[in-house]
Amino acid sequence: MATMRVAAAPQVAPMMAAQISKPGGEFEIVEREIPEPGARQVRIRVQACGVCHSDVFVKEGLWPGIQYPRVPGHEVAGIIDEMGAEVTGWKKGQRVGVGWHGGQDNTCVECRRGRFLYCRNPKVAGISYDGGYQQYMLAPVEALAAIPNTLSDAEAGPLLCAGVTTFNALRHSGASPGDLVAVQGIGGLGHLGIQFANRFGFKVAAIGRDAENASLAKKLGANVYIDSKTTNAAEELQKLGGAQAILATAPNSKAMSELIDGLGPTGKFIVVGISPDPIAVTPLQLISGERAIQGSAVGTPTDSEDTMNFAELTGVRPMIETYPLDKAGEAYARMLSGKAEFRVVLTM
Ligand SMILES: [Zn+2]
Ligand SMILES: [Zn+2]
């Protein structure tokens, strides 16, 4: 995917941004004025921003109501460089991240219940407002997550989306230390899911579609590797006693459907991989053993903080490939190819 260069504006325009100017358009490297924060916003000097498959919503115009041009990016790591007058609790020079959950209205019924993740008018970083594919971005104060010291910017980025997605799904899965937990898919989400599941003390079964992934899965912390191409993965899980949780990360509804019978009694099948196709399950599959299927959606900024602090504590790290900001188009194409190992990150 080519990156198109657009001529600079005549006046001094001191920062670089990678924007999409229309649905289906290419990435354009443009110069923009450094923006000034509003009263309850901070300005972040972006250091790194992960390239996520969900950026396809911006690139292809698949999210309702996006205003173009738009700068994507919701795996942002950087430094607070300016603050609005009403911002408290944060300071200039502090390292912060912004993930998918880019703010809430604080007034809807879910916010009044304190359930910000389910806000009826949520803001998404890089969709509702310009995200991290630029040198400076503005973020509402409620979108900020503090980044711990020992985590690099490029490593923090993917933890703010892929990381918190798998961390939250697993910590709320109901599985206890020692329980069998399966992670389906060894990719951008799965390679983090395996690490978190291992650090949570689960017996981890990694499920991939290639024998070659076995050694990597074990290195990441899997106790067992199941090749779903050559074996019936659900049967293999039953031989191990049945899984208390299965984290389904690969965006393949057929593969997910085939795995449900791998759950043990009261086991939970947790869906985080996004595919447009239906998952097939019969009532009896759920009734026998009282098994459940549940979706799990990223997390709030405080969930992201928990994720990063836990990663610092336990050594969980994303595997990344980095590209400079002006190669945003190539970085996006690499992510889309599915060949990256495993998260693509832009560095500024
Ligand atoms: Zn994402
Ligand atoms: Zn709300």
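In what follows, the structure referred to is the one given above.
These notes cover the structure that comes with them.

Calculation notes
Residues numbered from 1 in each chain as written. Chains lettered and ligands numbered in written order. Predicted model: local features only at pLDDT ≥ 70, side-chain atom pairs only at ≥ 80, totals over all residues. Heavy atoms only, no water. Helix = DSSP H or I, 4+ residues; strand = E, 2+ residues; numbered from the N terminus. Rg over C-alpha atoms; globule rule 2.2 N^0.38 Å. Contact = heavy atoms within 4.5 Å. Lys, Arg positive; Asp, Glu negative; His and termini not counted. Charge placed at Lys NZ, Arg CZ, Asp CG, Glu CD. Disulfide = S-S within 2.5 Å. Buried < 20%, exposed > 50% of the residue type's maximum accessible area, 1.4 Å probe, protein only. Donors = N, O, S within 2.8 Å, 3.2 Å for Na, K, Ca; no water.

1. Comments concerning the overall build of the protein
(1) Moving on: In terms of helices and strands, the protein carries 10 helices and 16 strands.
(2) Moving on: Taken over the C-alpha trace, the protein has a radius of gyration of 20 Å; the compact-globule value for 348 residues is 20 Å, and the two agree within 12%.
(3) Moving on: Along the first, second and third principal axes, the C-alpha atoms of the protein reach 70 × 45 × 35 Å.
(4) Moving on: Look at the contacts in the protein between residues 6 or more apart in sequence, and 65% of them connect residues 24 or more apart.
(5) Moving on: Across the protein, 32 positive and 35 negative side-chain charges occur, with their mean positions spaced 2 Å apart.

2. Observations concerning the state of the cysteines
(1) Moving on: In total, this model carries 0 disulfides according to the counting rule given.
(2) Moving on: No disulfide involves Cys49; its nearest neighbouring cysteine sulfur is the one of Cys52, lying 9.6 Å away.
(3) Moving on: Given the relative accessible area of 0%, Cys49 is considered buried.

3. Some thoughts on the coordination of the zinc ion (ligand 1)
(1) Moving on: Only Cys52 (SG), His74 (NE2) and Cys161 (SG) from the protein reach the zinc ion (ligand 1) as donors, at distances of 2.0 to 2.2 Å.
(2) Moving on: Read from N- to C-terminus, the donor residues coordinating the zinc ion (ligand 1) fall into the pattern C-x21-H-x86-C. Of the two residues, Cys52 sits in the loop between β4 (41–51) and α1 (56–59) while His74 sits in the loop between α1 and β5 (76–83), which places them 22 residues apart along the sequence.

4. Overview of unusual backbone geometry
(1) Moving on: Each neighbour pair has its own omega, and for Tyr68 with Pro69 the value is 0°, a cis peptide bond.
(2) Moving on: Mapping Pro69 onto the fold places it in the loop between α1 and β5.
(3) Moving on: Put simply, Glu341 and Phe342 share a cis peptide bond, and its omega is -15°.
(4) Moving on: Within the element layout of this structure, Phe342 appears in the loop between α10 (328–337) and β16 (343–347).
(5) Moving on: Here Asn106, not a glycine, exhibits a phi torsion of approximately 65°, which is positive.
(6) Moving on: Tracing the sequence through the fold places Asn106 in the loop between β6 (95–98) and α2 (109–112).
(7) Moving on: Located in the positive-phi region is Glu290, a residue other than glycine, with phi close to 45°.
(8) Moving on: Relative to the helices and strands, Glu290 resides in the loop between α8 (283–287) and β14 (292–295).
(9) Moving on: The class of Glu290 is exposed, set by a relative accessible area of 64%.

These values are about where atoms sit, not about what they do.
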